[in-house]
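# Architecture and fold: a report
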Amino acid sequence: MHQYKGKLIIHTGSMFSGKTSSLEKDVKRFNIAGYKTVAFKPTVDTRFKSSDIISHDEMSIEAILVENIENIKIYCENSNPEVIAIDEIQFLEGEIKDIIDTITEFLSRDITVIVAGLDVDFEGKPFEIVKELMPIADYLTKHHAVCVKCGSDAWISHRKTKDKERVVIGASREYEPLCRSCYLKEKKEEDAIINKNQVTLL
Ligand SMILES: Nc1ncnc2c1ncn2[C@@H]1O[C@H](COP(=O)(O)OP(=O)(O)O)[C@@H](O)[C@H]1O
Ligand SMILES: Cc1cn([C@H]2C[C@H](O)[C@@H](COP(=O)(O)O)O2)c(=O)[nH]c1=O
Ligand SMILES: [Zn+2]
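An unreviewed UniProt entry lists the protein chain under the name Thymidine kinase, from Soehngenia longivitae. Taken directly from UniProt, the Subunit (unreviewed entry) text for the protein chain runs: "Homotetramer." Reading the Sequence similarities (unreviewed entry) entry of the UniProt record for the protein chain gives the comment "Belongs to the thymidine kinase family."

In structure tokens, the structure reads:
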């Protein structure tokens, strides 16, 4: 009866672009259509202190917390879902190859996989797993937040704090979506302040 099988659906883009709400909407539609669906999210994102997937506009769906793709594989071996959703895939621990191989295996077993994840980090560097999954996708949507400086389509999640580690969990206190032009302007201003401080220290 269920016609929709073994598709990879990717929602990517910057923070606040609607990746999570789109994944949630897909999951809700598959549930309405009667598909056996399960959603996962990596444990690293502890923003909401709940296992639910919660979007920035506070829509939520139930999810299971996992550390790596092996956890997902084991869970699915026992529960046989027809549709698997993974939010924040960039935070899934382990080898990229293992993630790709497992997702490919799900697809070959007619399981549909929906993933949401950032395409680039706060410096514009690609998140490898999303980059590697893109060519395999049946449906790939690059979503755009609104640039908070000029209202254009955002390209990057600009980090407002001084933290330099790649992973810093946060929301609008720590990040703002910016278009390329506003981001480059912001970087120039930040660099000018750093240079000025260095001169003062000499
Ligand atoms: N600058 C912005 N541009 C677009 N949406 C924003 C912005 N700031 C806050 N939002 C909110 O974020 C929601 C999208 O949240 P979500 O689906 O969780 O995005 P993502 O998973 O891509 O971070 C929008 O529907 C809107 O309510
Ligand atoms: C850009 C960027 C983001 N993060 C963190 C910040 C948030 O906790 C998530 C992204 O959540 P969203 O659902 O896409 O809004 O990722 C990070 O750790 N490092 C980064 O460079
Ligand atoms: Zn802008």
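Before going further, it helps to spend a moment on the packing of aromatic side chains. Tallied over the entire structure, the rule returns 5 aromatic pairs. Taking 6.5 Å as the distance between ring centres and 25° as the angle between the ring planes, the aromatic pair formed by Tyr4 and Tyr139 counts as stacked. Linking Tyr4 in the segment before strand 1 (8-13) with Tyr139 in strand 8 (residues 139-143), this pair joins segments that are 135 residues apart in sequence. Residue Tyr139 is classed as partly exposed on the basis of its relative accessible area, which comes to 41%. Joined through ring pairs, the aromatic side chains of Tyr4, Phe30, Tyr35 and Tyr139 make up one cluster. Over the ring of Phe127 we find Arg166, and its NZ or CZ is 4.2 Å from the ring centre.

Distances from the zinc ion (ligand 3) to its protein donors, namely Cys147 (SG), Cys150 (SG), Cys179 (SG) and Cys182 (SG), fall within the range 2.3 Å. Each of the 4 donor atoms around the zinc ion (ligand 3) contributes to a set of angles spanning 103 to 117°, which defines the coordination as tetrahedral. Of note, the zinc ion (ligand 3) draws all its donor residues from one chain, in the sequence arrangement C-x2-C-x28-C-x2-C. Given a relative accessible area of 8%, Cys179 falls into the buried group.

Regular strands place side chains that alternate from one sheet face to the opposite one. Burial of strand 2 (residues 37-42) is extensive: 5 of the 6 residues sit out of reach of the surface. Bridge analysis of strand 2 against strand 6 (residues 83-86) gives 4 bridges, and the strand direction is parallel. Within the sheet, the bridge partner assigned to Val38 lies in strand 6 and is Ile84. Relative to strand 5 (residues 64-66), strand 2 runs parallel, the two being bridged by 3 bridges.

Take Ser14: it is sitting in the loop between strand 1 and helix 1 (19-32). When neighbours within four sequence positions are excluded, Ser14 is seen to be in contact with Lys19, Leu118, Asp119, His143, Ala145, Ala154, Trp155, Ile156, Ser157 and Pro177.

Surrounding ligand 2, one finds 18 residues, the nearest of these being Lys19, His56, Phe122, Arg166 and Val168. The separation between an oxygen atom of ligand 2 and a polar side-chain atom of Glu88 is 3.0 Å. One of the side-chain nitrogen or oxygen atoms of Tyr175 is found 3.4 Å away from a nitrogen atom of ligand 2. Burial of ligand 2 by the protein chains amounts to 99% of its free accessible area of 490 Å². Mapped onto the shell around ligand 2, the elements with two or more residues apiece are helix 1 and strand 9 (156-159). Taken together, domain 1 (1-143) and domain 2 (144-201) each give at least three residues to the shell around ligand 2, which thus spans both.

What follows deals with the sheet that holds strand 5. Strand order in this open sheet of 6 strands is 5-2-6-7-1-8, and the pairing throughout is parallel. Here the strands that pair on one side only, and so sit at the sheet edges, are strand 5 and strand 8. Sheet twist, expressed as the average angle between the axes of neighbouring strands with direction ignored, equals 20°. Here helix 1 sits on the sheet in contact with strand 1, strand 2, strand 6, strand 7 (112-118) and strand 8, set at roughly 165° to strand 7. Sitting on the sheet, helix 2 (residues 69-79) touches strand 2, strand 5 and strand 6, and the angle it makes with strand 2 is about 160°.

Criteria and thresholds
Residues numbered from 1 in each chain as written. Chains lettered and ligands numbered in written order. Predicted model: local features only at pLDDT ≥ 70, side-chain atom pairs only at ≥ 80, totals over all residues. Heavy atoms only, no water. UniProt positions renumbered as here; feature names shortened; annotations may be inferred. Phe/Tyr/Trp six-rings, centres within 6.5 Å; stacked < 30°, edge-to-face > 60°. Helix = DSSP H or I, 4+ residues; strand = E, 2+ residues; numbered from the N terminus. Buried < 20%, exposed > 50% of the residue type's maximum accessible area, 1.4 Å probe, protein only. Lys NZ or Arg CZ within 6 Å of the ring centre and 35° of its normal. Donors = N, O, S within 2.8 Å, 3.2 Å for Na, K, Ca; no water. Tetrahedral: all angles 85-135°; square planar, octahedral: opposite > 155°, others 65-115°. Pairing = 2+ DSSP bridges. Contact = heavy atoms within 4.5 Å. Near = heavy atom within 4 Å. Polar contact = N/O pair within 3.5 Å; in protein donor to acceptor, adjacent residues only side chain to side chain. Areas by Shrake-Rupley, 256 points an atom, 1.4 Å probe, with all protein chains shown as cover. Domains from an automatic or database assignment. Axes fitted to C-alpha atoms, helices over the stretch in contact; angles between N-to-C directions.

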